[in-house]
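Here's the letter readout for the chains.
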Amino acid sequence: MRYTTAGESHGPALITVVSDVPHGLELDKTAIDLELARRQRGYGRGGRMAIESDAVTVLSGVRFGRTIGSPVTLLIENRDAANWSAIMDPWGSDEGVEPVTAPRPGHADLPGCQRTGARDVRDILERASARETAARVAAGAIAKALLAEFGVVVRSWVEAIGPASTGPRVPDAVAPDVVEASDVRCPDAAVSQDMRSAIDAARDVGESLGGVFVVVAEGLVPGLGGYAQAHERLDARLAAAVVSIPAVKGVEFGDGFACATRPGSEVHDEIVLDATGVLRRATNRAGGLEGGMTNGEPVLVRAAMKPIPTLMRPLSTIDLATGEVADAARERSDVCAVPAAAVVAEAEVALVLADAYQDLFGGGCVEDMRTAYESYTARIAW
Ligand SMILES: Cc1cc2nc3c(=O)[nH]c(=O)nc-3n(C[C@H](O)[C@H](O)[C@H](O)COP(=O)(O)O)c2cc1C
């Protein structure tokens, strides 16, 4: 399962084409829209999210609530486009349209202009904007539906925003309903309040904040991914997918960086046979991944998001039109988007895992995948 997206932040719509979706997968429009709504939420978002009310329109690949084996095309309208029609007009003229010439440090603005030769930063920022991640979340909803057929659930929570942190928590100690009820996606009420206060304080002085989020995938079979070739390794594929999210700058699995300072006996997870005859691990420091494959324990991905680059108290830049020192451009912007990024990361993780299920169990038809899955799980039972 793969996806491609198209669409500008203030264009009429975003589109995602998800290819290699197996035939016979039941989809639910409400479930896709719910994922989009989850991405829109979050304390610290800017005014844009109040304008949008994301909902999906299916353009191809689905009949009567089931996939038909062709590419699934999903469209999400940008309501805000109505306010940008002159600036984003595909056929009109740029006369009277003020170009953006003060690239923002930390955004795609300057390297994008250098790469393409664009003289108006808007040509770059319209696509580099994380509005595009709505299309990824729609694609991820299809992946989640496929994973659900095999009892896999992907969820997330926010561990830190700026200085406010819960510290690392194991998935069993994080109640999904508490996370969903929190506008910062944090499992701890007191820390949620600290996070909101940190966001308010940042907003008051024209600052922005980043943070840390965790994605967990539970119910996975062991052996997804591969050890034989670099491109098969599931840890590499997951890392690439999560780092592809704008502003995500670091990823670790399980105890990750902390393992570097411990002796091996305090890092590796002992193999045990549980009461039901399943080979398990006594601990999950590896975050469910060994040798580029799942090991049957929950996959735990922790990621660091940098602060939002658009600052209302802007950093210094060089105006590309004049060569003079200038204040970086300001667009309506989020102060903090860590809760939304966590939802985008769920989608990215789900897409990689769904692809890995298809690698292992076949990709053409859900029924055949189920047969292969049952034979596989019966074979690896002790
Ligand atoms: C959900 C989400 C929302 C974001 N919102 C904004 C925003 O409102 N303003 C902004 O400048 N950057 C925002 N970003 C971050 C930028 O898109 C990102 O920093 C930029 O594309 C440059 O990419 P890089 O940070 O990976 O280098 C957001 C990122 C995500 C994941």
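Up top is the structure.
Caption draft 1: How the structure looks around the sheet that holds strand S6 (residues 72–77). Spatial strand order, S1-S2-S6-S3: four strands in an open sheet with antiparallel pairing. At either margin of the open sheet sits one strand with a lone partner, and together these are strand S1 (2–6) and strand S3 (56–60). Averaged over all neighbouring strand pairs, the angle between strand axes comes to 25 degrees, with direction disregarded. Pairing of S1 with strand S2 (residues 13–19), which is carried by five bridges, proceeds in the antiparallel orientation. Within the sheet, the bridge partner assigned to arginine 2 lies in S2 and is serine 19.

Caption draft 2: Representation of the environment of valine 242 in the model. Relative to the elements of secondary structure, valine 242 occurs in helix H8 (residues 234–243). The buried category is assigned to valine 242, whose relative accessible area is 0%. When the C-alpha positions of valine 242 and threonine 4 are compared, they lie 16 Å apart, and in sequence the two are 238 residues distant. In this structure valine 242 touches Val248, Val251, Val301, Ala303 and Val349, once residues within four positions along its chain are discounted.

Caption draft 3: Representation of helix H9 (residues 338–361) within the structure. Compared with an ideal rise of 1.5 Å per residue, which puts 24 residues at 34 Å, H9 spans 34 Å between its outermost C-alpha atoms and is within 8% of the ideal. With 22 of 24 residues buried, H9 lies mostly within the body of the structure. Glycine 362 lies just past H9 and shows a positive phi near 95 degrees.

Caption draft 4: Region of the structure containing the site of the ligand. Taken together, 18 residues are adjacent to the ligand, and Ala247, Lys306, Thr310, Ser333 and Asp334 come closest. At 2.9 Å from an oxygen atom of the ligand is found a main-chain nitrogen or oxygen belonging to alanine 247. Separating a nitrogen atom of the ligand from a side-chain N or O atom of aspartate 334 is a distance of 2.8 Å. When the ligand is considered free in solution it has 630 Å² of accessible area, and contact with the protein chains removes 86% of it. If you map the ligand onto the pockets, it falls in the largest pocket.

Caption draft 5: Region of interest: the side chain of aspartate 54. By secondary structure assignment, the location of aspartate 54 is in the loop between helix H2 (48–51) and S3. Here arginine 131 takes part through its side chain, which lies 2.8 Å from a polar atom of the side chain of aspartate 54. Look past the residues within four positions of aspartate 54 in its chain and what remains in contact with it is Leu36, Arg39, Gln40, Ile76, Glu77, Arg131 and Ala134.

Caption draft 6: How the structure looks around a nonpolar patch on the surface. Side chains of Ile271, Leu273, Leu279 and Trp382 sit close together on the surface and give an oily, nonpolar patch of about 510 Å² of accessible area. By secondary structure assignment, the location of leucine 273 is in strand S11 (residues 271–273).

Caption draft 7: A look at the layout of surface pockets. For the largest pocket, the calculated volume is near 840 Å³. Surrounding the largest pocket, 40 residues form its lining, His107, Ala128, Ser129, Ala130 and Arg131 being those nearest its centre. Sorting the residues of the lining of the largest pocket by element identifies H2, helix H4 (122–128), helix H5 (133–148), strand S10 (248–253) and H9 as the ones contributing at least two each. The residue makeup of the lining of the largest pocket, split by class, is 17 nonpolar, 10 polar and 13 charged.

Caption draft 8: Structural context of the nonpolar core. Met1, Ile142, Val154, Ile161, Phe213 and Tyr357 are the most contacted members of the largest nonpolar core, which totals 80 residues. Considering each element in turn, this core owes the most residues, 15 residues, to H9. Apart from the residues lying within four places of it in its own chain, the contact partners of phenylalanine 213 are Trp157, Val158, Glu159, Val248, Val301, Arg302, Ala303, Val338, Ala341, Ala342 and Ala345.

Caption draft 9: Structural context of the packing of aromatic side chains. Evaluated as defined, the whole model comprises six aromatic pairs. Between the aromatic rings of phenylalanine 150 and tyrosine 357, the centroid separation amounts to 5.4 Å while the plane-to-plane angle is 25 degrees, which identifies the pairing as stacked. Of this pair, phenylalanine 150 sits in the loop between H5 and strand S7 (153–161) while tyrosine 357 sits in helix H9, and the two are 207 residues apart along the sequence. Accessibility expressed as a relative area gives 3% for phenylalanine 150, which makes it buried. On the basis of relative accessibility, which here comes to 0%, the residue tyrosine 357 falls in the buried class. Centre to centre, the rings of phenylalanine 361 and tyrosine 376 are 5.3 Å apart; their planes meet at 80 degrees, and the pair counts as edge-to-face.

Caption draft 10: Fine view of helix H10 (residues 366–380). With 15 residues, H10 extends 21 Å between its outermost C-alpha atoms, agreeing within 8% with the 21 Å of an ideal straight helix rising 1.5 Å per residue. Among the residues of H10, Val366, Met369, Tyr373 and Tyr376 are the ones counted as buried. For H10, the arc enclosing every buried residue in end-on projection is 85 degrees, short of the 170-degree limit, so these residues lie on one face. Summarising the geometry of H10, the exposed residues directed more than 90 degrees from the buried face are Glu367, Asp368, Thr371, Ala378 and Arg379. In this structure, the buried side of H10 is in contact with H5 and H9.

Caption draft 11: Representation of the sheet that holds strand S15 (residues 299–305). If you walk across this open sheet you meet the five strands as S8-S7-S9-S15-S10, and the pairing is antiparallel. Looking at strand neighbours, the two that pair on one side only are strand S8 (164–165) and S10, the edges of this open sheet. Across eight bridges, the pairing between S7 and strand S9 (residues 211–218) is antiparallel. Within the sheet, the bridge partner assigned to serine 156 lies in S9 and is valine 215. Of the strands in this sheet, S10 and S15 touch H8, which is tilted by about 155 degrees from S10.

The rules behind each value
- Residues numbered from 1 in each chain as written.
- Predicted model: local features only at pLDDT ≥ 70, side-chain atom pairs only at ≥ 80, totals over all residues.
- Heavy atoms only, no water.
- Pairing = 2+ DSSP bridges.
- Helix = DSSP H or I, 4+ residues; strand = E, 2+ residues; numbered from the N terminus.
- Axes fitted to C-alpha atoms, helices over the stretch in contact; angles between N-to-C directions.
- Buried < 20%, exposed > 50% of the residue type's maximum accessible area, 1.4 Å probe, protein only.
- Contact = heavy atoms within 4.5 Å.
- Expected span 1.5 Å × (residues − 1).
- Near = heavy atom within 4 Å.
- Polar contact = N/O pair within 3.5 Å; in protein donor to acceptor, adjacent residues only side chain to side chain.
- Areas by Shrake-Rupley, 256 points an atom, 1.4 Å probe, with all protein chains shown as cover.
- 1 Å grid on protein atoms, 1.4 Å probe; cavity = no way out; pocket = protein on both sides within 12 Å on 5 of 7 lines; lining within 4 Å.
- Sits in = over half its atoms within 2 Å of the grid points.
- Patch = residues over 30% accessible without salt bridge, like charges linked within 9 Å, V, L, I, M, F, W, Y side chains within 5 Å.
- Salt bridge = Lys/Arg side-chain N within 4 Å of Asp/Glu carboxyl O.
- Points joined across faces, edges and corners; volume = space filled by probe spheres on them.
- Nonpolar A, V, L, I, M, F, W, Y, C, P; charged D, E, K, R; others polar.
- Core = buried A, V, L, I, M, F, W, Y, C linked by side-chain atoms within 4.5 Å.
- Phe/Tyr/Trp six-rings, centres within 6.5 Å; stacked < 30°, edge-to-face > 60°.
- Arc of directions from axis to C-beta.

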